[in-house]
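Structural overview for review
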Amino acid sequence: MSLVDHNQDVSVPYSIDDTFDALKKALANIKQFKVDRVDDIMKIIYAKAGVSVFSWGEKITIQLQENDKGTAVSVLSTPKTGVMLGGMMDMGKNRKNIDTLLNALSDELKNYQKKN
């Protein structure tokens, strides 16, 4: 991880399959993100955020894993350029990517039944 990488881990009380499905739908509704690759077996999604005034774009990796609370969601947002070529300062863009993603996932999960 570089100086400007941001990551966050959260647990949600939903099954891993429902969470993965909700995550794919949430990403489809976030205009500034583009899904690059989906690994249905490992439950990982690789996405990209486009170039903005504040960055040359970011790589976003979301990985799911079952846990005793339901599903652990791990999100990593990192500049496409690393620390070179303007990646040294992200102006909060990586943190915003994570917040945007988790808010969209939370909104989408409202359509699913919680795991008991």
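The coordinates are above.
I will try to describe carefully the structure that is included in this document. (Residues numbered from 1 in each chain as written. Predicted model: local features only at pLDDT ≥ 70, side-chain atom pairs only at ≥ 80, totals over all residues. Heavy atoms only, no water.)

Considering the sheet that holds strand β3 (residues 44-49)
The five strands are arranged β1-β5-β4-β3-β2 in an open sheet whose pairing can be described as antiparallel. The sheet terminates laterally at β1 (6-12) and β2 (33-39), the two strands that pair on one side only. Looking at each pair of strands side by side, their axes are set apart by 20 degrees on average, direction ignored. The sheet contact formed by strand β4 (residues 58-67) and strand β5 (residues 70-79) spans ten bridges and is antiparallel. Residue pairing for β5: Glu58 is matched across the bridge by Pro79. Contacting β1, β2, β3, β4 and β5, helix α2 (residues 93-109) runs over the sheet at an angle of about 15 degrees to β1. (Pairing = 2+ DSSP bridges. Helix = DSSP H or I, 4+ residues; strand = E, 2+ residues; numbered from the N terminus. Axes fitted to C-alpha atoms, helices over the stretch in contact; angles between N-to-C directions. Contact = heavy atoms within 4.5 Å.)

Quick look at the environment of Gln8
Within the fold, Gln8 resides in strand β1. For Gln8, a relative accessible area of 26% puts it in the partly exposed group. Through-space distance from the C-alpha of Gln8 to that of Val73 is 8.1 Å; in sequence the pair is 65 residues apart. In this structure Gln8 touches Val73, Ser74, Val75, Arg95, Ile98, Asp99 and Leu102, once residues within four positions along its chain are discounted. Engagement of the side chain of Gln8 in a polar contact is seen with the side chain of Arg95, the distance being 2.3 Å. (Buried < 20%, exposed > 50% of the residue type's maximum accessible area, 1.4 Å probe, protein only. Polar contact = N/O pair within 3.5 Å; in protein donor to acceptor, adjacent residues only side chain to side chain.)

Side note on the pattern of salt bridges
Opposite charge on two side chains makes pairing possible when the charged atoms of those side chains draw close. Inspection of the entire model under this criterion finds six salt bridges. Among the ionic pairs, Lys25 bridges to Asp21, the shortest N-O distance being 3.4 Å. Residue Lys25 and its partner Asp21 are located together in helix α1 (residues 16-28), separated by four residues, close to a single helical turn. Classification of Lys25 by relative accessible area gives partly exposed; the value is 40%. Asp99 is the salt-bridge partner of Arg95, the closest N and O atoms lying 3.0 Å from each other. Of this pair, Arg95 and Asp99 both sit in helix α2, four residues apart, which is roughly one turn of the helix. (Salt bridge = Lys/Arg side-chain N within 4 Å of Asp/Glu carboxyl O.)

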